[in-house]
Amino acid sequence: MSKFLWSYLLISPAVLGATLVVSSSAMAADAQQAADALNPAVAKAETAETSEAKLNALAAISETTAASEPVEEISQGAGSETHAAIADSATAATESAIVGANIAPPDANPQAASQPTSESLAAARPTVAQPVENSAPAAQLETPAPAATALPEQIGAVQLETPAPAVAESAEQSLPKPAESVAQTAAPQQQNPATTLEQLNQYSTEGAAGSETEGQVTSVSQLSDVRPTDWAFQALQSLVERYGCIAGYPDGTFRGNRAMTRYEFAAGLNACLDKVSELIRGGTGNFATRDDLAALQRLQEEFAAELATLRGRVDALEARTSELEANQFSTTTKLTGEAIFALSDDFGGNVGLFGRDQKRVGSDNNEAVFQQRVRLNLNTSFTGRDLLLTRLQVGNGRNFNLGATSEGTQTWNVVGRTDNVVSLDTLLYKFPVGQRLNVTLAANAVIWDDILPTVNPYFEDFDGGNGALSTFGQRNPIYRLGGGSGIGFDYAFGGRGLLGGVFGPTSLSFGYLASNAASPAKGAGLTNGDYAAMGQLTFTPGRNLQVAFNYNHGYFSRGNFGFDNGLSNGPGSLGGFTGTGVANSLNGLSEGFDGFRARKVVSDSYGAEASLRLNRRFILGGWAGLTNARILGIGDARIWNYAVTLALPDLGKEGNLLGFVVGREPYLDKLEAPRSLRSFRNDNSYHVEGFYKFQLSDNISVTPGVIWVTNPNQDDRNDDIIIGTLRTTFTF
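Residues numbered from 1 in each chain as written. Predicted model: local features only at pLDDT ≥ 70, side-chain atom pairs only at ≥ 80, totals over all residues. Heavy atoms only, no water.

Below, the discussion takes up the overall build of the protein chain. If you tally the helices and strands in the protein chain, you get 17 helices and 18 strands. For the protein chain, the residues scored as buried account for 43% of the 732 residues in total. A fraction of 66% describes how many contacts in the protein chain between residues 6 or more apart in sequence connect residues 24 or more apart. (Helix = DSSP H or I, 4+ residues; strand = E, 2+ residues; numbered from the N terminus. Buried < 20%, exposed > 50% of the residue type's maximum accessible area, 1.4 Å probe, protein only. Contact = heavy atoms within 4.5 Å.)

In total, this model carries 14 aromatic pairs according to the counting rule given. Where phenylalanine 472 meets tryptophan 623, the ring centres are 5.5 Å apart and the plane angle is 70°; that geometry is what we call edge-to-face. Of this pair, phenylalanine 472 sits in helix H16 (residues 471–474) while tryptophan 623 sits in strand S13 (residues 618–631), placing them 151 residues apart in sequence. Judged by relative accessible area, tryptophan 623 falls into the buried class, the value being 6%. Taken together, the aromatic side chains of Phe341, Phe370 and Phe730 make up a single cluster linked through ring pairs. When the ring centre of tyrosine 667 is taken as reference, the NZ or CZ atom of arginine 664 above it lies at 3.6 Å. (Phe/Tyr/Trp six-rings, centres within 6.5 Å; stacked < 30°, edge-to-face > 60°. Lys NZ or Arg CZ within 6 Å of the ring centre and 35° of its normal.)

To continue, consider the pattern of salt bridges. With the rule as written, the count across this model stands at 15 salt bridges. One salt bridge connects arginine 417 with aspartate 419, and the closest N-O pair in it is separated by 2.7 Å. A relative accessible area of 40% places aspartate 419 in the partly exposed class. Between arginine 681 and aspartate 683 there is a salt bridge whose closest N-O contact spans 3.2 Å. Overall, the relative accessible area of 18% leaves aspartate 683 in the buried class. Each of Asp449, Glu460, Asp463, Arg475 and Arg480 takes part in one network of salt bridges that share partners. (Salt bridge = Lys/Arg side-chain N within 4 Å of Asp/Glu carboxyl O.)

At valine 455, a residue that is not glycine, the phi angle is positive and equals roughly 55°. Note that valine 455 resides in the loop between strand S7 (437–446) and H16. In this model, asparagine 587 sits at a positive phi of 60°, which is unusual for a non-glycine residue.

Inspection of the sheet shows strand S8 (residues 484–492) paired to strand S9 (residues 507–514) by eight bridges, in the antiparallel sense. Paired with glycine 486 across the two strands is leucine 513, which belongs to S9. Pairing geometry for S9 and strand S10 (residues 531–542), over eight bridges, is antiparallel. When the sheet's bridge partners are listed, serine 509 is paired in S10 with glutamine 536. (Pairing = 2+ DSSP bridges.)

What follows is about the packing of helix H14 (residues 290–302) against helix H15 (residues 304–327). Running from amino to carboxyl end, H14 crosses H15 at an angle of 65°, the nearest separation of the two axes being 4 Å. By the angle between their axes, H14 is roughly perpendicular relative to H15. Contacts from Gln300, Glu301 and Glu302 of H14 reach H15 at Ala304, Glu306 and Leu307. Looking at the contact of H14 with H15 residue by residue, the classes come out as two nonpolar, one polar and three charged. (Axes fitted to C-alpha atoms, helices over the stretch in contact; angles between N-to-C directions. Parallel < 35°, antiparallel > 145°, perpendicular 65-115°, else oblique. Nonpolar A, V, L, I, M, F, W, Y, C, P; charged D, E, K, R; others polar.)

This next bit is on the nonpolar core. Grouped together as the largest cluster of nonpolar side chains are 32 residues, with contacts concentrated most on Trp448, Leu586 and Leu671. Non-local contacts of tryptophan 448, meaning those with residues more than four positions away in its chain, are made with Tyr479, Leu481, Gly482, Gly511, Tyr512, Leu513, Ala532, Ala533, Met534 and Asn552. Residues Phe472, Trp623, Ala647 and Leu657 belong to the second largest nonpolar core, which totals 17 residues. (Core = buried A, V, L, I, M, F, W, Y, C linked by side-chain atoms within 4.5 Å.)

Another point: the environment of leucine 696. Looking at the element boundaries, leucine 696 is found in the loop between strand S16 (687–695) and strand S17 (700–709). Assessed through its relative accessible area of 45%, leucine 696 is described here as partly exposed. For the pair leucine 696 and asparagine 656, spaced 40 residues apart in sequence, the C-alpha separation works out to 8.8 Å. Sequence-distant contacts of leucine 696, defined by excluding residues within four places in its chain, comprise Lys653, Ser701 and Val702.

On average, the protein chain scores 75 in pLDDT, and the residues at 70 or more come to 67%. A low-confidence stretch, residues 28–32 (pLDDT under 50), is modelled with eight contacts involving residues beyond four sequence positions or located in other chains. (pLDDT = per-residue confidence, 0-100.)

A contiguous nonpolar surface patch, about 520 Å² in accessible area, is contributed by Leu335, Leu376, Leu392, Val422, Leu424 and Phe732. Structurally, leucine 376 is set in strand S4 (residues 369–380). Leucine 376 gets classed as partly exposed once you look at its relative accessible area, which sits at 31%. (Patch = residues over 30% accessible without salt bridge, like charges linked within 9 Å, V, L, I, M, F, W, Y side chains within 5 Å. Areas by Shrake-Rupley, 256 points an atom, 1.4 Å probe, with all protein chains shown as cover.)

Let us look at the environment of leucine 452. Within the secondary structure, leucine 452 sits in the loop between S7 and H16. Each C-alpha atom of the pair leucine 452 and phenylalanine 510 lies 7.4 Å from the other, and the pair is 58 residues apart in sequence. Ignoring any residue separated from it by four or fewer positions in sequence, one finds leucine 452 in contact with Tyr479, Ser509, Phe510, Met534 and Gln536.

So, about helix H12 (residues 233–243). When H12 is considered as a whole, its buried residues turn out to be Phe233, Leu236 and Val240. In an axial view of H12, the angular spread of the buried residues amounts to 70°, which keeps them on one side of the axis. In this structure, H12 carries Gln234 and Arg242 as exposed residues pointing more than 90 degrees from its buried face. Backbone geometry just downstream of H12 places glycine 244 in the positive-phi region, at approximately 65°. (Arc of directions from axis to C-beta.)

This brings us to the side chain of threonine 426. Secondary-structure assignment places threonine 426 in strand S6 (residues 423–433). In this structure the side chain of threonine 426 is engaged in a polar contact, spanning 3.4 Å, whose partner is the side chain of aspartate 425. From its side chain, threonine 426 meets the backbone oxygen of alanine 445 in a polar contact 3.5 Å long. (Polar contact = N/O pair within 3.5 Å; in protein donor to acceptor, adjacent residues only side chain to side chain.)

Note: S7 against S8, seven bridges, orientation antiparallel. Across the sheet, residue valine 446 finds its bridge partner in S8, namely glycine 484.

Turning to the side chain of glutamate 609, a few remarks are in order. Position of glutamate 609 among the secondary structure elements: in strand S12 (residues 601–615). Salt bridges are absent for the buried glutamate 609, whose nearest opposite-charge side chain, arginine 475, sits at 10.0 Å. Within the local environment of glutamate 609, its side chain forms a polar contact with the side chain of asparagine 550, the two groups lying 2.9 Å apart. Apart from the residues lying within four places of it in its own chain, the contact partners of glutamate 609 are Thr454, Val455, Asn476, Tyr479, Gln536, Gln546, Val547, Ala548, Asn550, Gly622 and Trp623. (Lys, Arg positive; Asp, Glu negative; His and termini not counted.)

Moving on, we come to the environment of aspartate 716. Along the polypeptide, aspartate 716 turns up in the loop between S17 and strand S18 (721–731). Note on aspartate 716: relative accessible area 40%, which makes it partly exposed. Each residue touching aspartate 716, except ones within four places of it in the same chain, is listed here: Arg681, Asp683 and Asn711. In this structure the side chain of aspartate 716 is engaged in a polar contact, spanning 2.9 Å, whose partner is the side chain of arginine 681.

In structure tokens form, the structure reads like this:
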């Protein structure tokens, strides 16, 4: 219907109402005929409901006419423009009400049918009332009708401030839009009348819902029907929380699946553009000004020389870095090393009586010696958490001529060959399984301190040059029963690196090592030769205390028993890196002697270790060990060892260490054997050791110390052993 016809209909509100009734009746009749063609029964019911809606609409027209008369009188005094604006607004609202009555049945959405569009029209009310200050009756023009048109949806999101004629014109244009939307869905000749009616009802219901006023939200979580799985969730979240230009409905919903009109799109876009403009205006204070740029240029000119020097240094560093990367040894391997220079002398007397047959072994002819040992460690890591350790070792450190006993042995005397021949020492691979379990694959010359914690901080240095001087002072001797190749596990209950300090976490450790795993000969190999299996529970209740309990079970072929790291030197060769000769040879029964063949040995050893840090510069520790050895075919033997240690780290200077060790190295306490084989002496032979490591630099330390052994080889007929040492250790 053209604007020309509407301008003539404005002559009388009564003529306007009658015209609208005729127009709406014709539209409803067309829709009703389409519905009757599909379902006559439903059509009759809807016709009755439509008639009732028409009566309500006529009542609304009467109220509108009554309300418009005083407006017309006031408007005549104010001017013709105000009269036209109010009349157009009333016409649009009335026609919207009638169309809503014809399209949306009351039972389709009862709540929407009974709700007036006062909120929507109220949004435009200030603009209509501006031309006439005293037009209160006109400003209160609120026609109660079902909110079924698209106009309330447009005004609900943003309050449009437009003149009343524009509002009326938009209402005119919005009337045919539902029909246009339906027409775009399918061609007129292919459109199903039932589908058309259903879509009309659907859009009418959406329009009724759109009459609610939307409210601004500050978080997307306030919209109950929006889920993180929605395809546009991130975009909506940004618009709501970052820009604040998207509104929701009062019931806390967004209704993202509802169709949007062009008015709503324009209003939302305008709100977002306003917000962006506001952000730009607010951020201009942080922009650099022309004066700032000028000051920066002056600073660059003033410090041009310094900048050039700095640039040259950076270029030089980059060149050196490139050269190092091109010539580096390996990207995964780091070389570390240790070199020990030791000046030692034995100030004792005559030592060498062997306990079983009173045969003298060795002499007291010991001169001052200068010995050395070098270890090169290739530490390779492929993941950053694993370690492939390859150790090469060379040295010439020999024991003093002390007869059959191994007491007083020093750490650099632990070397495979003493003629300065480079040999492969330790070869192992450690890797984590999860966060708490470490696995050790032992390939060569691995001993128990590579797998288990020895609970002896500051003294334990893996027979290196930064701990105790003697092998006995480094750890409980039962850690030296067995060694070689195998596997080990260390499981930390509390996670690693949590306690800090000198102690590790509470852990359970165990492993298996075979001395001749590489040999395919009979009585050798991984499982049929000499072996030792050991388990340990280490308990760390806090940062200052650690306790451990362990068990070691071993099998040793003829001549191979001893506290010698699984050296397996065979019969006729007294071995061991600590302890008396009587203990290491089980009174000669495991080694053999004239008229007696060496025997095999099965051992079970039990140990307990503890370390207490009274303060950061006073650590008290100690251990005890018991070894029950069965000499196959002969009888049983019992071996004890124990010690107390005291460490005073950082004494005088950071890195320094004062240490004391007092105890008894492994000694034979009991032997159950035939009378002719069980004769031995058991005099108290104590080990007393004191040393002071002075840290000259990060890489060099000098350690003077003394080792005193009373009644060597547990025989008081031997003179005491007194060894004085000056050890210099280089680490790199």
